[in-house]
Amino acid sequence: MTKILVVCGNGLGSSFIVEMNVKKILAEMGVQAEVSHTDLATSKTEQADIYLGSKDIVGQLEDGKRCVIGLQNILNQQEIKEALQQYFTKG
């Protein structure tokens with residue numbers, strides 16, 4: 001099962017809201033995934049298939065191996081949906 005880690009600076013409010021939106025969008029898409037949220041420091045040591053969050057924060061996770069999705073507006077559900085659709089329809 002795909003694991004999605006929603007990342008924000010402190011791993012509190014905003015990442016929790018995005019996590020809830022991601023779960024809702026995935027349900028609409030008919031995709032099952034494990035979704036959780038955390039802070040930036042913790043996310044560097046956690047394994048996930050997708051790291052999702054604000055471009056300025058998740059950009060720090062780029063290492064050439066991780067799938068990092070940076071969002072312009074983390075509260076824009078359409079932007080989240082388009083990013084997830086792109087990931088799940090590739091290949």
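Here the structure is a predicted model, which means the values were calculated and not measured.

Asker: How do you make sense of the nonpolar core when you look at a structure like this?
Answerer: Where a protein is soluble and globular, its nonpolar side chains tend to be buried together. In this structure, Ile4, Val22, Leu52, Ile80 and Leu84 are the most contacted members of the largest nonpolar core, which totals 15 residues. For this core, the secondary structure elements donating two or more residues are strand S1 (2-8), helix H1 (13-29), strand S3 (50-54), strand S4 (68-71) and helix H4 (77-89). Residues contacting Val22, with those up to four places away along its chain left out, are Ile4, Val6, Val35, Leu52, Ile80 and Leu84. Core analysis: the second largest hydrophobic core is formed by 9 residues, Val7, Leu40, Ile57 and Val68 among them.

Asker: Which parts of the structure should I look at to understand the pattern of salt bridges?
Answerer: Where side chains of opposite charge bring their charged atoms close, a pairing between them can arise. Evaluated as defined, the whole model comprises 3 salt bridges. Notably, a salt bridge pairs Lys3 with Glu46, separated by 3.6 Å at the nearest N-O pair. Taken together, the residues Lys3 in strand S1 and Glu46 in the loop between helix H2 (40-43) and S3 connect sequence positions 43 residues apart. We classify Glu46 as partly exposed; its relative accessible area is 24%.

Asker: What's the story with the environment of Leu5 in this structure? I'm lost.
Answerer: Among the secondary structure elements, Leu5 is positioned in strand S1. A relative accessible area of 0% means that Leu5 is categorised as buried. Along the backbone, Leu5 and Lys81 are 76 residues apart, and their C-alpha atoms lie at a distance of 15 Å. The contact partners of Leu5, leaving out residues within four places of it in the chain, are Ser36, His37, Thr38, Ser43, Glu46, Ala48, Ile50, Tyr51 and Leu52.

Asker: Sorry if this is basic, but what is going on with the packing of aromatic side chains here?
Answerer: To describe a pair of aromatic rings, you give the distance between the ring centres and the angle between the ring planes. Scanning the entire structure with this criterion turns up 1 aromatic pair. Taking the centre distance of 5.0 Å and the plane angle of 85° together, the rings of Tyr87 and Phe88 count as edge-to-face. Its relative accessible area of 25% is what places Phe88 among the partly exposed residues.

Asker: Looking at this structure, how should I read H1?
Answerer: One turn of the α-helix equals 3.6 residues, which is why residues spaced by three or four share an orientation. With 17 residues, H1 extends 25 Å from end C-alpha to end C-alpha; this agrees with the ideal 24 Å at 1.5 Å per step. Listed as buried for H1 are Ser15, Val18, Glu19, Asn21, Val22, Ile25 and Leu26. Residues of H1 that are buried sit in contact with S1, strand S2 (33-39), S3 and H4. Of the residues trailing H1, Gly30 is marked for its positive phi of about 75°.

Calculation criteria
- Residues numbered from 1 in each chain as written.
- Predicted model: local features only at pLDDT ≥ 70, side-chain atom pairs only at ≥ 80, totals over all residues.
- Heavy atoms only, no water.
- Core = buried A, V, L, I, M, F, W, Y, C linked by side-chain atoms within 4.5 Å.
- Buried < 20%, exposed > 50% of the residue type's maximum accessible area, 1.4 Å probe, protein only.
- Helix = DSSP H or I, 4+ residues; strand = E, 2+ residues; numbered from the N terminus.
- Contact = heavy atoms within 4.5 Å.
- Salt bridge = Lys/Arg side-chain N within 4 Å of Asp/Glu carboxyl O.
- Phe/Tyr/Trp six-rings, centres within 6.5 Å; stacked < 30°, edge-to-face > 60°.
- Expected span 1.5 Å × (residues − 1).

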